[in-house]
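So the chains spell out like this:
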Amino acid sequence: MNKLYFLLLAVVLNLIVPAAFAADKPDFLVDADWVAERLKDPKLVVLEVRYHPHRHATVGHIAGAVQVQRFADLGANDEAPIMRFPSRAAFQATLRRWGVDDDSTVVVYDDSSTALASRVMFLLDLYGFDMQRVKLLDGGTIGWTGFNELSKTPTPKRAPGKVRLKAAPAAAMVGWTDVYRRVVAGRELGITLLDARPADMYEGSRIQHSVQGGHIPGAINIVSLQGVDDQSQQWKTLAELAAIYKDLPRTGTVIAYCHDGFRSTLAWLQLKALGYPDVRVYNGGWSDWDRTLTLPVVKGGKPFDADFEL
């Protein structure tokens, strides 16, 4: 009887434990081994987004990876601020230049705790690419170099892709007027405004790449980079992410913003992984709000100051 009990227990554990580990992180995260095993797949397109883009050549990249220049390739270059969402046509042309087809498997990685790679994933989702075909290398360059080499050999130019993107849903395009009308002036209970920047930028004690310090009235501060381990640059578990966002309502709409649309898209990706049903990104973020010099700004650690509490 005891032997049978332990045999059945072992069978049950073999079924349950792998499932638990599989659910520990979102299924779009892959490790270096997963990528290395597929590097010769002609349908695989690996995209590298570095904080300092020249390091693609000087430090190296995964062999065959396409360089993504985070400003020139991921923003609306003829608008101000430059990091508004690129148009569908512009981003489609960029993807085609990278060799992306509708049936490509796209792997994205960066050297910045996935805050840069998340922007690529956001834009792919915004314009209707099949997100089941998009993967994020957990740990980025650190995860890769644990057991693999980087290459300084220039990546050969890929044959132009034929990907066809879709129009972005109207509700996904959140601008300053939506934030002002619905959050600042309207105080709609079904909307939560999320500032994903570091606390000192939210409070206004540090001004970086901005004219003013502080935050949009009504915004709560949850730092999206807290969801990634500082050393390994790997995502924390879904349980740890849930704890970070425990004060963020799951119902209604979440509008995330940061300085220029990287940490906010990381928040978007984290919240989608946690099952939040309606998460959007403010197009332009603090760069857009700040530079008007006339829209209201709150300083300090609370969503509202005395002028906006009543």
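Structural notes, computed from the coordinates.

Each value, and the rule that gives it
What you see as residue numbers is a count from 1 along each chain, following the sequence as written. It should be noted that, the model being predicted, local features are given only for residues of pLDDT at least 70 and side-chain atom pairs only at 80 or more, the latter also being counted only at that level, while totals for whole chains, interfaces and linings use all residues. With hydrogens and water excluded, all non-hydrogen atoms of the structure serve as input to the side-chain values. Points on a 1 Å grid over protein atoms alone make up a cavity when a 1.4 Å probe fits among them but cannot get out, and a pocket when they form an open set with protein on both sides within 12 Å along at least five of seven lines; lining residues each have an atom within 4 Å of a point. Grid points are joined across faces, edges and corners, and a volume is the space filled by probe spheres set on the points. By this definition, two strands are paired if DSSP reports at least two bridges between them. Secondary structure elements are taken from DSSP: a helix is a run of H or I of four residues or more, a strand is a run of E of two residues or more, and numbering for both begins at the N terminus. Contacts: residue pairs with any heavy atoms within 4.5 Å of one another. Axis geometry follows a simple rule: fit a line to the C-alpha atoms, using only the stretch in contact for helices, then measure angles between N-to-C directions, giving values from 0 to 180 degrees. We call two directions roughly parallel when the angle between them is under 35 degrees, roughly antiparallel when it is over 145, roughly perpendicular when it lies between 65 and 115, and oblique otherwise. If you view the pair so one helix is near and one far, a crossing is left-handed when the near helix is turned anticlockwise from the far one by less than a right angle, and right-handed when it is turned clockwise. Should a side-chain nitrogen of Lys or Arg be within 4 Å of a carboxyl oxygen of Asp or Glu, the pair is scored as a salt bridge. Here the term buried applies to any residue with accessible area under 20% of the maximum for its type, exposed to any over 50%, and partly exposed to those in between, with areas from a 1.4 Å probe on protein chains only.

### Describing the layout of surface pockets
The computed volume of the largest pocket comes to approximately 560 Å³. Lining the largest pocket are 25 residues, with Tyr51, Arg70, His209, Asp260 and Arg263 positioned closest to its centre.

### A few points about the sheet that holds strand E6 (residues 173-174)
Pairing in this open sheet of five strands is parallel, and the strands run E6-E10-E9-E7-E8 from one edge to the other. Edge positions in the sheet fall to E6 and strand E8 (220-221), since each of these pairs with one other strand and no more. Taken together, the three bridges between strand E9 (residues 253-257) and strand E10 (residues 279-282) define a ladder with parallel strand orientation. Across the sheet, the residue bridging to Val254 is Val279, located in E10. Relative to the sheet, helix H7 (residues 176-185) contacts E6, strand E7 (191-195), E9 and E10, its axis offset from that of E7 by approximately 125 degrees.

### A few points about the packing of helix H5 (residues 117-126) against helix H10 (residues 263-273)
Remark: H5 packs on H10, axes separated minimally by 8 Å, with the N-to-C direction vectors making an angle of 65 degrees. Put simply, H5 runs roughly perpendicular to H10. The crossing of H5 and H10 is left-handed. Across the interface between the two elements, Ser118, Arg119, Met121, Phe122 and Asp125 of H5 pack against Thr265, Leu266, Trp268 and Leu269 of H10.

### Some details on the pattern of salt bridges
Applying the stated criterion across every chain yields a total of 15 salt bridges. Residue Arg50 pairs with Asp111 through a salt bridge whose shortest N-O separation is 3.2 Å. With Arg50 in the loop between strand E2 (44-49) and helix H3 (55-58) and Asp111 in the loop between strand E4 (105-110) and H5, this residue pair connects regions lying 61 residues apart in the sequence. For the residue pair Arg50 and Asp111, the accessibility class agrees, reading buried in each case. Among the salt bridges present, the one from Asp247 reaches Lys246, with a minimum N-O distance of 3.8 Å. For Asp247, a relative accessible area of 60% gives the class exposed. Each of Glu48, Arg50 and Asp111 takes part in one network of salt bridges that share partners.

### Some details on unusual backbone geometry
Negative phi characterises most residues that are not glycine, and trans characterises most peptide bonds. Going from Ala80 to Pro81, the amide bond is cis rather than trans, its omega being -5 degrees. Look at Ser113: it is not a glycine, yet its phi comes out positive at around 60 degrees. Within the secondary structure, Ser113 is located in the loop between E4 and H5. For Arg187, which is not a glycine, the phi torsion comes out positive at approximately 50 degrees. As for its position among the elements, Arg187 is in the loop between H7 and E7. For Arg187, a relative accessible area of 33% translates into the label partly exposed.

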